[in-house]
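Overview (structure and organization)
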Amino acid sequence: MAIDHAERRRQPSAADPVALKLLVAGGFGVGKTTLVGAVSEIRPLRTEEALSEVGRPVDDLAGVEGKRTTTVAMDFGRITLREDLVLYLFGTPGQDRFWFLWDELAQGALGAVVLADTRRLQDCFAAVDYFERRGIPFTVAVNCFDGAHQHAPAVVTEALDLDPDVPVVLCDARKRESAKQVLITVVEHAAAVAAGRRAPAAT
């Protein structure tokens, strides 16, 4: 009997935290690796390789001429939003030739961040289209690069022809609190979408 009481005392009083998977997507050089690294509470896993002359014909460096490396598989990080909620972040590669990896990374994802650079807004069209087609809730996060003109979220919504329910937020992917707020927005949006799908249709 004493052993039974001891066993009960060792049982954790709180439930295990819920683990959710989020993708961080967007065009080449938009700041995906930076965002994952800014918020991750563990040392992020990165699969970066140096850009080479061989890849120059297929990697468009317009607007990101100073970029020296690129993600060739994924970035991975983890952040605990609350004691009972942990996010696992998977950053997708940005170049077209690595898109075959997206289907693998997207399996089991609750939602996604589409990072955008207003100087190269067309670079995030493919990511927006990908998540729309697969019904994965996403938030567009405009990475406010130094020197770039800032546009209001409503302008970005119109330019990308987004559903009005898709959140658009401004952020600085280098700053932890700014990037964390983006993730909170994604989780809240995904929860709202899931609740809407569960709600019975009006008769």
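All of these numbers come straight from a predicted model, not from anything done at the bench.

This paragraph deals with the overall build of the protein chain. Helix and strand counts for the protein chain stand at 6 helices and 7 strands. Along the protein chain, from the amino end to the carboxyl end, the secondary structure elements read α-β-α-β-β-β-α-β-α-β-α-β-α. Counting only contacts in the protein chain whose residues sit at least 6 apart along the sequence, the fraction spanning at least 24 positions is 73%. Accessible surface, the protein chain: about 11400 Å² in total, of which carbon and sulfur atoms supply 54%.

Further remarks concern the side chain of T185. As for its position among the elements, T185 is in helix 6 (residues 176–198). Setting aside residues up to four positions removed in sequence, T185 forms contacts with T139, P167 and V169.

As a further point, take the confidence of the model for the protein chain. Looking at the protein chain as a whole, the pLDDT averages 83, with 74% of positions reaching at least 70. Confidence drops under a pLDDT of 50 for residues 5–10, and excluding neighbours within four residues, the segment shows 0 contacts in the predicted structure. In the model, residues 63–67 has pLDDT below 50 throughout and makes 8 contacts with residues more than four positions away in sequence or in other chains.

In total, this model carries 6 aromatic pairs according to the counting rule given. Note on F76 and Y88: the rings are 6.0 Å apart at their centroids and 10 degrees apart in plane angle, and the pair reads as stacked. On the criterion of sequence distance, the pair formed by F76 in strand 3 (residues 69–82) and Y88 in strand 4 (residues 85–91) is long-range, its members being 12 residues apart. Here Y130 and F131 contribute two aromatic rings whose centre-to-centre distance is 5.4 Å and whose plane-to-plane angle is 90 degrees, an arrangement assigned as edge-to-face. For the residue pair Y130 and F131, the accessibility class agrees, reading buried in each case.

Throughout the structure, instances matching the rule amount to 9 salt bridges. With a shortest N-O distance of 3.6 Å, R134 and D103 are connected by a salt bridge. Within this pair, whereas R134 is found in helix 4 (residues 125–134), its partner D103 is found in helix 3 (residues 102–106), the two being separated by 31 residues in sequence. We classify D103 as partly exposed; its relative accessible area is 42%. For R120, the salt bridge goes to D117, with nearest N and O atoms at 3.4 Å. This pair shows no difference in class: R120 is buried, exactly as D117 is.

For D161, which is not glycine, the phi dihedral falls at a positive 55 degrees. Here D161 falls in the exposed class, since its relative accessible area comes to 66%.

Once that is clear, we can look at helix 4. Those residues of helix 4 not exposed but buried are A127, V128, Y130 and F131. Buried residues of helix 4, viewed axially, fall in a sector of 160 degrees; they line one side. On its buried side, helix 4 packs onto strand 1 (18–26), helix 3, strand 5 (111–116) and strand 6 (138–143). With its phi angle positive at about 70 degrees, G135 sits one or two positions after the end of helix 4.

Time to look at the pairing of strand 4. For strand 4, the tally of buried residues reaches 6 of 7 residues, placing the bulk of the element in the interior. Two elements, strand 1 and strand 4, share 7 bridges in a ladder whose sense is parallel. Its bridge partner lying in strand 4, L23 is registered against F90.

Moving on to the pairing of strand 1. Of all 9 residues in strand 1, 7 are buried; the element is thus mostly enclosed. In this structure, strand 1 lies alongside strand 5, joined through 5 bridges in parallel fashion. Following the sheet pairing, G26 is matched in strand 5 by L115.

Calculation rules
Residues numbered from 1 in each chain as written. Predicted model: local features only at pLDDT ≥ 70, side-chain atom pairs only at ≥ 80, totals over all residues. Heavy atoms only, no water. Helix = DSSP H or I, 4+ residues; strand = E, 2+ residues; numbered from the N terminus. Contact = heavy atoms within 4.5 Å. Areas by Shrake-Rupley, 256 points an atom, 1.4 Å probe, with all protein chains shown as cover. pLDDT = per-residue confidence, 0-100. Phe/Tyr/Trp six-rings, centres within 6.5 Å; stacked < 30°, edge-to-face > 60°. Buried < 20%, exposed > 50% of the residue type's maximum accessible area, 1.4 Å probe, protein only. Salt bridge = Lys/Arg side-chain N within 4 Å of Asp/Glu carboxyl O. Arc of directions from axis to C-beta. Pairing = 2+ DSSP bridges.

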